[in-house]
Amino acid sequence: MTGMNLLAMNTSDLAAQLGNACYIFLTLNFFWGLYCVIMGWRRVSRFSFKNRQKQTEFLDQLTAHLKAGQFEAAAEMCDGDSRALPLLAEVAILNRDLGYEPMRQLVAEVLQRDVLGEMEYRTGWIATVIKSGPLLGLFGTVLGMMAAFGRIGGGEIADSKQIADEISIALICTAMGLTTAIPFNFLLNSINVRIRRLQDSLSTGLVRVLDILKPEGY
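Residues numbered from 1 in each chain as written. Predicted model: local features only at pLDDT ≥ 70, side-chain atom pairs only at ≥ 80, totals over all residues. Heavy atoms only, no water.

### Section: the overall build of the chain
On a plain count of helices and strands, the chain comes out with 6 helices and 0 strands. Written out in order from the N terminus, the α and β elements of the chain read α-α-α-α-α-α. Taking all 218 residues of the chain together, the buried fraction comes to 37%. (Helix = DSSP H or I, 4+ residues; strand = E, 2+ residues; numbered from the N terminus. Buried < 20%, exposed > 50% of the residue type's maximum accessible area, 1.4 Å probe, protein only.)

### Topic: the pattern of salt bridges
Across all of its chains, the model carries 6 salt bridges by this definition. Between Asp60 and Arg208 there is a salt bridge; the shortest N-O distance is 3.0 Å. Of this pair, Asp60 sits in helix α2 (residues 52-67) while Arg208 sits in helix α6 (residues 160-213), and the two are 148 residues apart along the sequence. Among the salt bridges present, the one from Asp114 reaches Arg113, with a minimum N-O distance of 3.1 Å. (Salt bridge = Lys/Arg side-chain N within 4 Å of Asp/Glu carboxyl O.)

### With respect to the side chain of Thr141
Within the secondary structure layout, Thr141 lies in helix α5 (residues 100-152). Taking the relative accessible area as the measure of exposure, Thr141 reaches 17% and is therefore buried. Polar contacts involving the side chain of Thr141 include one to the main-chain carbonyl oxygen of Gly137, which spans 2.8 Å. The residues touching Thr141, leaving out its near neighbours within four places in the chain, are Ala170, Cys173 and Thr174. (Polar contact = N/O pair within 3.5 Å; in protein donor to acceptor, adjacent residues only side chain to side chain. Contact = heavy atoms within 4.5 Å.)

### Structural notes on the confidence of the model for the chain
Overall, the prediction assigns the chain a mean pLDDT of 84, with 83% of residues at 70 or greater. Averaged over each element, pLDDT in the chain is lowest for helix α1 (residues 2-47) (78) and highest for helix α4 (residues 84-94) (93). pLDDT under 50 marks residues 1-9. Its contacts with residues more than four places away, or in other chains, come to 6 contacts. (pLDDT = per-residue confidence, 0-100.)

### Quick look at the packing of aromatic side chains
Applying the stated criterion across every chain yields a total of 5 aromatic pairs. The interplanar angle of 45° and the centroid separation of 5.6 Å between the aromatic rings of Phe49 and Phe58 together place this pair among those described as tilted. As far as the burial class goes, Phe49 and Phe58 line up, both buried. The cationic tip of Arg96 hangs over the ring face of Phe71; the distance from NZ or CZ to the ring centre is 4.1 Å. (Phe/Tyr/Trp six-rings, centres within 6.5 Å; stacked < 30°, edge-to-face > 60°. Lys NZ or Arg CZ within 6 Å of the ring centre and 35° of its normal.)

### Some remarks on helix α3 (residues 71-78)
Count 3.6 residues to each turn of an α-helix, and residues three or four apart come out pointing the same way. Among all positions of α3, only Ala74, Ala75 and Cys78 are buried. Viewed end-on, α3 has its buried residues packed into an arc of 100°, placing them on one side of the element. α3 presents Glu72 and Glu76 as exposed residues on the side facing more than 90 degrees away from its buried surface. On its buried face, α3 sits against α2 and α4. Looking one or two residues beyond α3, the residue adopting positive phi is Gly80, at roughly 80°. (Arc of directions from axis to C-beta.)

### Some points on the nonpolar core
Ranked by size, the top nonpolar core spans 40 residues in total, and within it Leu62, Val115 and Met119 carry the most contacts. Elements supplying a minimum of two residues to this core: α1, α2, α3, α4, α5 and α6. Ranked by the residues each element gives to this core, the list is headed by α6, at 11 residues. With residues near it in sequence (within four places) discarded, Leu62 still touches Ala74, Met77, Cys78, Ala89, Ile93 and Val209. In this structure, Cys22, Leu26, Leu143 and Cys173 belong to the second largest nonpolar core, which totals 5 residues. (Core = buried A, V, L, I, M, F, W, Y, C linked by side-chain atoms within 4.5 Å.)

### Some points on the packing of α3 against α4
Interhelical geometry of α3 versus α4 gives an angle of 150° and a closest axis separation of 8 Å. By the criterion of interaxial angle, the relationship of α3 to α4 is roughly antiparallel. Considering the relative orientation of α3 and α4, their crossing is left-handed. Between α3 and α4, the contacting residues are Phe71, Ala74, Ala75 and Cys78 on the first element and Pro86, Ala89, Glu90, Ile93 and Leu94 on the second. When its residues are assigned to classes, the contact of α3 with α4 shows 8 nonpolar, no polar and 1 charged. (Axes fitted to C-alpha atoms, helices over the stretch in contact; angles between N-to-C directions. Parallel < 35°, antiparallel > 145°, perpendicular 65-115°, else oblique. Left-handed = near helix turned anticlockwise from the far one by under 90°. Nonpolar A, V, L, I, M, F, W, Y, C, P; charged D, E, K, R; others polar.)

Here it is as structure tokens:
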């Protein structure tokens, strides 16, 4: 009987230690998610125009150069501009001699690789953080309850303060997991909305540029 009590106490101690370790995992999960949110926001902001009017003004000036056959001037407008539309327009202008279909395919590849790829990487990690938060919290909850009930079931007089601390670990882990998942879910949705807006604006802008570069009768 003593051996069983000792085993129960050892199991409770191990569960309590693992429950405390969940604090570290939950904290790391939160800060990694926060980092990905910040990087995602920065990347979308970097590739976007401040507003639709700014993009329209840029496109009007760019297409005026293209219609006049001033391809070097159009490429100079885009050179060094880190926003997605100038970046992709420059790729199209500099590779217009490849032929329309190869040039369009090249633009699509650059769009996916250099613009959308990093955003999808960040949003994918944010989604993982959202899913992991409640799971880590639940894991901490189970361990905390195992530690508390393991001491109670050990048959020895248990310190009520120690049991209360172990139950609090369970509740705090649950709260930390939900505190990560709930706000990050809203932040992820906000980033996805901005990405969709960027894609829509890129689609509109690139259609105008590619139509001018399209050979006659194509």
